[in-house]
Amino acid sequence: MNESEFKIKLSHITGLRSVVLEELERTGFEILEESDESLFVAFSEEIIPEVKHLKSVARAYVVRQGGKLHPTHISNHKSLLGGLIDIVIKNDKEHFKSFRINCAGSESREVKGISKYVHDTYGLEEKEDADLKIHIIKNEDVWEIGVQVTPRPLSVRDYRVVNMSGAMDPTIAYTVNSFCNLETAKSYLNVFSGSGTLPIEAGQVFPNLERLVGFDNDKKHLSLSIQNVKKAGLIKKIQIKEADIFDKPDFGKFDAIASDLPFGMMISKDEDLQKLYKAFVEYCEDKLEPDGRLVVYTSQYELIESILMKSCFRIVRTLQLKFITNANGYLRPKIIVCELKG
Ligand SMILES: C[S@@+](CC[C@H](N)C(=O)[O-])C[C@H]1O[C@@H](n2cnc3c(N)ncnc32)[C@H](O)[C@@H]1O
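Now for a look at the structure at hand. (Residues numbered from 1 in each chain as written. Predicted model: local features only at pLDDT ≥ 70, side-chain atom pairs only at ≥ 80, totals over all residues. Heavy atoms only, no water.)

## So, the overall build of the protein chain
Thought 1: Looking only at helices and strands, the protein chain features ten helices and 17 strands.
Thought 2: For 342 residues, the compact-globule estimate of 2.2 N^0.38 gives 20 Å, and the protein chain sits close to it at 22 Å.
Thought 3: Principal-axis analysis of the C-alpha atoms places the extent of the protein chain at approximately 70 × 40 × 35 Å.
Thought 4: Within the protein chain, contacts between residues separated by at least 24 positions form 73% of all contacts whose residues are at least 6 apart in sequence.
Thought 5: Only carbon and sulfur atoms are counted for the fraction: they give 48% of the accessible area of the protein chain, which is about 16,500 Å². (Helix = DSSP H or I, 4+ residues; strand = E, 2+ residues; numbered from the N terminus. Rg over C-alpha atoms; globule rule 2.2 N^0.38 Å. Contact = heavy atoms within 4.5 Å. Areas by Shrake-Rupley, 256 points an atom, 1.4 Å probe, with all protein chains shown as cover.)

## Quick look at the pattern of salt bridges
Thought 1: Scanning the entire structure with this criterion turns up 16 salt bridges.
Thought 2: One salt bridge connects Arg 17 with Glu 34, and the closest N-O pair in it is separated by 2.4 Å. With a gap of 17 residues between them, Arg 17 in helix H1 (residues 17-27) and Glu 34 in strand E2 (residues 31-35) connect regions that are remote in the sequence.
Thought 3: A residue is classified by how much of its surface remains accessible, and Arg 17, at 38% relative accessible area, is partly exposed.
Thought 4: Its relative accessible area of 39% is what places Glu 34 among the partly exposed residues.
Thought 5: Measuring nitrogen to oxygen at the nearest pair gives 3.0 Å for the salt bridge that ties Glu 305 to Lys 334. Within this pair, whereas Glu 305 is found in helix H10 (residues 301-309), its partner Lys 334 is found in strand E17 (residues 334-340), the two being separated by 29 residues in sequence.
Thought 6: What you see here is one network of salt bridges that share partners, running through Asp 250, Asp 286 and Lys 287. (Salt bridge = Lys/Arg side-chain N within 4 Å of Asp/Glu carboxyl O. Buried < 20%, exposed > 50% of the residue type's maximum accessible area, 1.4 Å probe, protein only.)

## Focus on the site of the ligand
Thought 1: Taken together, 24 residues lie around the ligand, and Met 168, Ser 195, Thr 197, Asp 216 and His 221 are the ones closest in.
Thought 2: One nitrogen or oxygen atom from the side chain of Asp 260 is found 2.8 Å from a nitrogen atom belonging to the ligand.
Thought 3: Coverage of the ligand by the protein amounts to 97% of the 600 Å² it exposes when considered alone.
Thought 4: Tallied by class, the residues present in the shell around the ligand amount to eleven nonpolar, eight polar and five charged. (Near = heavy atom within 4 Å. Polar contact = N/O pair within 3.5 Å; in protein donor to acceptor, adjacent residues only side chain to side chain. Nonpolar A, V, L, I, M, F, W, Y, C, P; charged D, E, K, R; others polar.)

## Here we look at the sheet that holds strand E5 (residues 98-103)
Thought 1: With respect to topology, eight strands assemble into an open sheet ordered E2-E3-E1-E4-E8-E7-E5-E6, the strand pairing being mixed. Only two strands of the sheet have a single partner each, and these edge strands are E2 and strand E6 (125-126).
Thought 2: Two elements, strand E7 (residues 132-139) and strand E8 (residues 142-148), share six bridges in a ladder whose sense is antiparallel. Bridged to Ile 137 within E8 is Glu 144.
Thought 3: Packed on one face of the sheet, helix H4 (residues 79-89) meets strand E4 (59-66), E7 and E8 and runs near 30 degrees to E8.
Thought 4: The strands touched by helix H5 (residues 109-122) are E5, E6 and E7; relative to E5, the strand with the most contacts, the crossing angle is about 160 degrees. (Pairing = 2+ DSSP bridges. Axes fitted to C-alpha atoms, helices over the stretch in contact; angles between N-to-C directions.)

As structure tokens, then:
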């Protein structure tokens, strides 16, 4: 392995690999290798701006890998790390004011020496919640040094005015939309729109959509979604309505319906999910165009699958995801893609 070779490392939510691969292949990236939750692509300075636009990727880093890239070696050859930092902060200096090094033995003389080098060379403050995130880690026998290419993860979108508790991860929203056949669709409905992540991601990626509608019954969520839609510059494109699924609101028929179903955690704790999911499926049977797609996302997938089995829908694809929640527990939700039976 060439130790001086730069690579781009792209990490994603477990389960999204096929979607990330598809986005990378469509965008023309050269894929080098894969590990558990990451893909590696060939580096060039020109692809950094393109990397920043990837929608399915959680975090992107410029990295070097090799058997010798341990903290002692880096502390003796600091330019190995300097080369990575230069790439990341070049043309973007004003966004990087602080740094943090994630490395075992952070109190060691070597790591302290590396910190001093970053501070003195780049004039950055060392901080826990830092802009420039540096890592020196070992995976099996291979050391990796890397620097995250953006101050915030790629999955943190600029349109999010406030983080609503229970809001969807935007890379999952992108994935749900990517299963809706939106390349050819004209109309899109988001039932249970919350803070508006799904319609915003759809509006950004599919400018061909002529009608984008979302509805929710919670005034606070509606207000948040309108702020987010405005920030995304899509206020003329996306209509957000106040409505309750049990009232069967009539906004016409749609080529695609996408939904991040309430599933108990922070949202609708006391709601009878069985009743809610049944009303949702019946509503979608009525509002989806015959050749349309319904794509749902929930942790309560056994419940929705049992209702879908008895409905006019057939399940054409499922994708199981896995990630850690803020409360340090694992969530294993599913994306379920459905079509109306012919
Ligand atoms: C999981 S959240 C959706 C989050 C959203 N995808 C986002 O990223 O912000 C589910 C939403 O369903 C809404 N909801 C719950 N029961 C409802 C009902 N009976 N009718 C309409 N909306 C409802 C909640 O207010 C909540 O905003």
